[in-house]
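# Secondary and tertiary structure notes
The lines below spell out each chain.
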Amino acid sequence: MLKIILPTIMLLPMALLSPQKLLWINTTTYSFAIATLSLQWILPSYYPYKNLTQWTGIDQTSAPLMVLSCWLLPLMILASQNHLQHEPLARKRIFITSLVMIQPFIILAFSTTELTLFYISFEATLIPTLILITRWGNQPERLSAGIYLLFYTLISSLPLLVAILHLQAQIGTLHLTILELHPPIPTSNSWTNLLSNLALLTAFMVKAPLYGLHLWLPKAHVEAPIAGSMLLAALLLKLGGYGIMRVTLLTGPIPNTLCYPFLTLALWGALMTSSICLRQTDLKSLIAYSSVSHMGLVIAASMIQTHWSFSGAMMLMISHGLTSSMLFCLANTNYERTHSRILLLARGLQPLLPLMATWWLLANLTNMALPPTTNLMAELTIMITLFNWSPLTILLTGAATFLTASYTLFMFTTTQRGPLPTHISHMQNSTSREHLLMTLHIIPLLLLILKPNLIS
């Protein structure tokens, strides 16, 4: 554990003290070294917890997410080089430090075995993202987006703290290893059981946006810089899904009065947001809504609490983290060249940037869940569990996948095909940095299907 956390903390003095020439090179190579070191975590093992210290330990459920979070830090630094090149040196340093600061908190949140520490790190990830959005966003609306993000997460996570303290008062410990051995408490009153379950779930439902509590997400995504959107889409949404998977295992079976509304909202929301995607004019907002619909499937799967559904939710979280991050990078390359996110103003780019068009095609096909990807495997396992739970859900999931395919094709055709807009006279070529960024996103996706038991 410490051999990853300490180097990530030592990235801070490196970002603050590197000379100007070597700033980007140093930070990216160093964070890549940390990412390759962290790959040892995903080896499947028979032990319930690896690297167990007093407060942290790596489980089968947390290892893939931790590797993903270590893997995305160099990619975020790579992606944000271009839009920072005109800034003075001190601001570049501050930007990189705020990116690095969020990393130990995310690693702690995924690896902790103690609920109060989990709550603290879960909330501490909010501060650097808020700084990223409200300081480095592109438009003045970023302040309202930051306020949305802050108040949604704070209001929802206050009941979580109360419920954690309630658990502590009832059982006397908050260690996950002990709580898993502890039989669920037979509460004399069903209302207390229901309300504590609800309080434990709402914070995570807002974080991995459930449809209806998702309004902060498109705003935050549209206003954030590229590193901010990659961070939000790939890691902070996964905190919500991971929290649901952790907490539902502790509290015993969820009462049906809680299970049904959450499940129906998640599936209906997957349907609704993917139909909203068909009407979007804004590219980043379209990708944000698509990630809402994918996370709806994850929420639905982790509410059922079977082995299959947990492994399906895990796989979907990992593959969605990589794909949506890649889509945001592609949208950002368009944005840096045309300076607009509107789909109609940046269409027909295939003759101008032919190599970028292949990356667009690959990313859209993985988003659509085409057969040789882990996305398909995950969606299939989730659909099988949902169908096993109640056969009627096949209507909702089937319609949602159909709409997903249609809006990804819509996005691909509008950005790549059609007549070139008249105001585009010249276009900067795609750089090798961007191609490297896309390959580092897509290679893990294509390699994971060869050995999917690493992430299930």
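Residues numbered from 1 in each chain as written. Predicted model: local features only at pLDDT ≥ 70, side-chain atom pairs only at ≥ 80, totals over all residues. Heavy atoms only, no water.

## Details of the pattern of salt bridges
Spelled out, the test is: Put simply, a salt bridge is a Lys or Arg side-chain nitrogen that is within 4 Å of an Asp or Glu carboxyl oxygen. The helix and strand labels rest on DSSP assignments: H or I over at least four residues marks a helix, E over at least two residues marks a strand, and numbering proceeds from the N terminus. Using a 1.4 Å probe on the protein chains alone, a residue whose accessible area is under 20% of its type maximum counts as buried, one over 50% counts as exposed, and one in between counts as partly exposed.
Under the definition given, this model contains 5 salt bridges. We note a salt bridge from Glu 434 to Arg 337, for which the minimum N-O separation is 3.0 Å. In this pair, Glu 434 is assigned in helix α18 (residues 432-448) and Arg 337 in helix α14 (residues 307-338), connecting sequence segments 97 residues apart. Judged on exposure class, the residue Glu 434 and its partner Arg 337 are both buried. Here the residues in one salt-bridge network are Arg 337, Arg 433 and Glu 434, joined through shared partners.

## Some remarks on the side chain of Thr 112
Filter applied, for reference: Two residues form a contact once any of their heavy atoms are found within 4.5 Å.
Looking at the element boundaries, Thr 112 is found in the loop between α4 (89-111) and α5 (115-124). With sequence-adjacent residues up to four places away left out, Thr 112 is seen in contact with Trp 55, Thr 56, Leu 117, Phe 118 and Leu 176.

## Structural notes on the domain arrangement of the protein
Think of interface size as the accessible area that goes away when the parts come together; that is how it is often given. Quick note on the threshold: The start and end points of each domain follow an automatic or database-based domain assignment. The term buried area means the drop in 1.4 Å probe accessible area that two parts suffer when joined, counted for both and summed. Gly is placed with the polar residues, together with every amino acid not listed as nonpolar (Ala, Val, Leu, Ile, Met, Phe, Trp, Tyr, Cys and Pro) or charged (Asp, Glu, Lys and Arg).
Domain boundaries assigned for the protein yield domain 1 (1-42 + 51-252) and domain 2 (254-422 + 430-455). With 46 residues of domain 1 in contact, the opposing surface of domain 2 contributes 47 residues. Here domain 1 meets domain 2 over a buried area of about 4200 Å², counting both sides, of which 75% is carbon and sulfur. Of all residues in domain 1, Tyr 211, Val 222 and Met 245 give up the largest surface area on contact with domain 2, accounting jointly for 16% of the area buried on that side. Put simply, domain 1 and domain 2 have 0 salt bridges between them. When residues of the side of domain 1 that touches domain 2 are traced back to their parent elements, those giving at least two are α3 (63-79), α9 (190-207), α10 (216-223) and α11 (226-250). Along the lines of polarity and charge, the residues of the side of domain 1 that touches domain 2 split into 32 nonpolar, 13 polar and 1 charged.

## Things to note about helix α6 (residues 126-136)
Those residues of α6 that sit buried are Leu 126, Pro 128, Thr 129, Leu 130, Leu 132, Ile 133 and Trp 136. Looking at the packing, one finds that the buried side of α6 touches α4, α5, α7 (142-171), α10 and α11.

## Considering unusual backbone geometry
Positive phi outside glycine occurs at His 339, with the angle close to 55°. The residue His 339 is located in the loop between α14 and α15 (354-367) in this model. Of note in this structure, Ala 369 is not a glycine but carries a positive phi near 65°. For Ala 369, the position within the fold is in the loop between α15 and α16 (374-389). A relative accessible area of 11% places Ala 369 in the buried class.

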